[in-house]
Amino acid sequence: STEIKIYQLAVEVDEQQERIQAVSCRDCEELGCCQHTISFVLWLHSRNQPAACAPERECFFRTPFVTAVEQLPPKPVLNKTKAKNFIREIVHGLQTEDIDCPLRWNFSSGNKKFSNISIHELIMVAIKNLYTADQFLEHAIAVVASCGTTLADKVKFQPRCNAWFQELRYGRITGAKVYDCVNLTVSPPVLYELILGCNKEIDAAAQRKKLNIRQRLEKYTKTVYENPRITMNTSYPVLFDIPDGICQTHVVEIKCPRSIEHMKKYVTEDGSINEKYYLEMQVHMLLYGKTAGVVCVADPDFDTNSELYMHSFNLNKSFALKSLAKAMEYWKTNVYPELFNSWSE
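My aim in this report is to walk through the structure given alongside it, one point at a time. All values reported here derive from a predicted model rather than from experimental measurement.

Focus on the sheet that holds strand E8 (residues 308-314)
- The four strands are arranged E5-E6-E7-E8 in an open sheet whose pairing can be described as mixed. If you trace the sheet from one side to the other, it starts and ends with strand E5 (245-246) and E8, each paired once.
- Two strands pair when backbone bridges link them, and strand E7 (residues 292-298) and E8 are joined in this way by seven bridges, in the antiparallel orientation. Along E8, the bridge assignment pairs Val295 with His311.
- Packing against the sheet, helix H12 (residues 275-287) makes contact with strand E6 (250-255), E7 and E8, and its axis sits at approximately 145 degrees to E6.

A look at the pairing of E6
- Among the six residues that make up E6, six are buried, leaving the element largely enclosed by the rest of the structure.
- Burial along E6 is two-sided: the residues His250, Val252 and Ile254 and Val251, Glu253 and Lys255 are all buried.
- Pairing of E5 with E6, which is carried by two bridges, proceeds in the antiparallel orientation. Bridging across to E6, Gly245 finds its partner in Val252.
- Connecting E5 to the next strand, E6, in antiparallel fashion are three residues.
- Where E6 meets E7, six bridges bridge the pair, whose relative direction is parallel. Residue pairing across strands places Ile254 opposite Cys296, the latter belonging to E7.

Rules used throughout
Residues numbered from 1 in each chain as written. Predicted model: local features only at pLDDT ≥ 70, side-chain atom pairs only at ≥ 80, totals over all residues. Heavy atoms only, no water. Pairing = 2+ DSSP bridges. Helix = DSSP H or I, 4+ residues; strand = E, 2+ residues; numbered from the N terminus. Contact = heavy atoms within 4.5 Å. Axes fitted to C-alpha atoms, helices over the stretch in contact; angles between N-to-C directions. Buried < 20%, exposed > 50% of the residue type's maximum accessible area, 1.4 Å probe, protein only.

In structure tokens:
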């Protein structure tokens, strides 16, 4: 059913001069002017036209319709417990039938090797113990500190890594999202969804392309890059950051724009790297203990022309630390309350 809201509109008319002096909408006063006032003025204007030009349909502002709307029953209160039970029933079915899908990855399972360090499991513990955001982070730091051996054999681009990769990524800020958390360039609801990773799945074709580009880069730099090992930094337990390649001296990040227009997302008009991805490189270097990094942006037609745009950077440690502190504060203030409330009974 369609939800209908009644707006309270007021208009002041100088009948002698036949002019509208003022119009307002009580529901949108802070905006100064809104679509409701404009629609109201247009309707008043149409009602003042000669009968020959009168609209064929009756206006919705007429009393019978308004009365009918006022008699509509109120919207029922959302039953959160019922909604959560519904989700749990679905997850139970997925686990019973051993169906692997993104929804299942973020729920408890006895066979999950990384369940103790997933954000979902940490949130469940926080709800059980009524942790504040600071208490949650203290607990998360302790758990992450004990998981070194658990992640010892995990590397990026590893076959069949989807499940644990998504599990560790869920609810954590990735290197590319640090900039958004610091500068608030994305609306809070959208950024929250991005941090949850709701729209992010591993694209096998994109992974293969990145590996091909990295091989091309190896020939150019005469350096062999390894697949980075998955690490969790105890100082930043809600960050999940993995570059695309690593060697003894530096880290590598590879971007694969789909078109010339998409390439502008990474490379500015003067040929420099966008600030967002400069900060991503700083995060890579800091968390992986390197003092240099290379961003490699592939030409949209790389498959045919093999062209790469490379930019190298040195670590700006103070800048990286300051940015990560702001990102952590954003997660604590905005993401934790949402996760806690959404999973609380």
